[in-house]
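Listed below, chain by chain, are the residues.
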Amino acid sequence: MSELLKIDGLKVNYGGIEAVKGVSLTVEEGQIVTLIGANGAGKSTTLRTISGLVKPREGTITFAGENITGMDPTEIVRRGVTMAPEGRRIFPDMTVMENLRVGAYLRRDDLTDDLNRVFELFPRLKEREWQPGGTLSGGEQQMLAVGRALMAKPRLIMLDEPSLGLAPLVVKSIFDIIREINASGVTILLIEQNANMALQVAHSAYVLETGRITMTGTGAELLADDRIREAYLGKKS
């Protein structure tokens, strides 16, 4: 298994506040890697920095052997990294189809096969193909955000809180699809407050607390760790 993404000593400031304090992590190709932690731990900032939306103060980000630190977001997408952001951020006045085509804005090839693949993963989107994105339910908007990110044909897709605000049955469906996307060959970096579900699907996992990595291991190892169970799963050891 080869190293696809490597972050080394990442430090990010918002004004005078150090939000990320020397984070280092590795994502192997073909894996699901999850980053768990409380609100304000620096998880979303880490993803936004990888995607080029935030510039780091220190540290390096290497993707497929190339230093992409501080690179323009468009160039990072071109290299095969996409993100389904927290809050979905779909375009509410555009149809489902238009939103999906936006995800492929750098492509000049035929989109038919990839559109069909998204509709296979999310049949609900096919039913609402010409419906404005803003009229979809929360779960459907999340499906659209993930589908849009897949339309760029990424090697790595970053998912920021995909289960946030969704009903339990919809959450289960989203995580089933995360597994399916990974099984199709796409590497996944997942941020998720639902630590139980995230650790169940993850090959490896990191715990981020106040901007620092405090624990790492396989998903199964952290799921069984008493400290994780008490802090994130609400279970006393």
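Rules used in this analysis
Residues numbered from 1 in each chain as written. Predicted model: local features only at pLDDT ≥ 70, side-chain atom pairs only at ≥ 80, totals over all residues. Heavy atoms only, no water. Helix = DSSP H or I, 4+ residues; strand = E, 2+ residues; numbered from the N terminus. Rg over C-alpha atoms; globule rule 2.2 N^0.38 Å. Buried < 20%, exposed > 50% of the residue type's maximum accessible area, 1.4 Å probe, protein only. Contact = heavy atoms within 4.5 Å. Areas by Shrake-Rupley, 256 points an atom, 1.4 Å probe, with all protein chains shown as cover. Lys, Arg positive; Asp, Glu negative; His and termini not counted. Charge placed at Lys NZ, Arg CZ, Asp CG, Glu CD. Pairing = 2+ DSSP bridges. Axes fitted to C-alpha atoms, helices over the stretch in contact; angles between N-to-C directions. Salt bridge = Lys/Arg side-chain N within 4 Å of Asp/Glu carboxyl O. Expected span 1.5 Å × (residues − 1). Arc of directions from axis to C-beta.

The helix and strand inventory of the chain stands at 10 helices and 10 strands. In terms of overall size, the chain behaves like a compact globule, its C-alpha atoms giving a radius of gyration of 17 Å where 237 residues would be expected to give roughly 18 Å. Seen along its three principal axes, the alpha-carbon backbone of the chain occupies a region of about 45 × 40 × 35 Å. Buried residues in the chain amount to 50% of all 237 residues. Partitioning the contacts of the chain with sequence separation of at least 6, the portion at a separation of at least 24 is 65%. If you sum the accessible surface of the chain, you get close to 10800 Å²; carbon and sulfur atoms cover 49% of it. Looking at the chain, you have 28 positive and 30 negative side-chain charges, and the mean spots of the two groups are 3 Å apart.

Moving on, we get to the sheet that holds strand β2 (residues 17-28). Here we have four strands laid out as an open sheet, ordered β2-β1-β4-β5, and antiparallel in their pairing. Of all strands in the sheet, those with a lone pairing partner are β2 and β5 (66-67), marking the two edges. As judged from the five bridges shared by strand β1 (residues 3-14) and strand β4 (residues 58-63), these two strands associate in the antiparallel manner. Bridging across to β4, Lys6 finds its partner in Thr62. Against the sheet, helix α1 (residues 43-50) engages β1, β2 and β4, with an angle of about 115 degrees to β1.

Before going further, it helps to spend a moment on the environment of Arg155. Here Arg155 is to be found in the loop between α6 (138-150) and β7 (156-160). A residue is classified by how much of its surface remains accessible, and Arg155, at 35% relative accessible area, is partly exposed. For the pair Arg155 and Ser137, spaced 18 residues apart in the sequence, the C-alpha separation amounts to 28 Å.

With the rule as written, the count across this model stands at 18 salt bridges. Glu29 is the salt-bridge partner of Arg155, the closest N and O atoms lying 3.0 Å from each other. With Arg155 in the loop between α6 and β7 and Glu29 in the loop between β2 and β3 (32-36), this residue pair connects regions lying 126 residues apart in the sequence.

A separate point is helix α7 (residues 168-183). Its 16 residues place the ends of α7 23 Å apart at the C-alpha level, agreeing with the 22 Å of an ideal helix rising 1.5 Å per residue. Among the residues making up α7, those that are buried are Val171, Ile174, Phe175, Ile177, Ile178, Ile181 and Asn182. Projection of α7 onto a plane perpendicular to its axis shows the buried side chains occupying an angular sector of 160 degrees, all on one side. Structural note: α7 exposes Leu169 and Ala183 on the side pointing more than 90 degrees away from its buried face. Looking at the buried residues of α7, the elements they touch are β3, α4 (112-121), α6, β7, β8 (187-191) and α8 (195-201). Downstream of α7 by a residue or two, Gly185 has a phi angle that is positive, lying close to 110 degrees.

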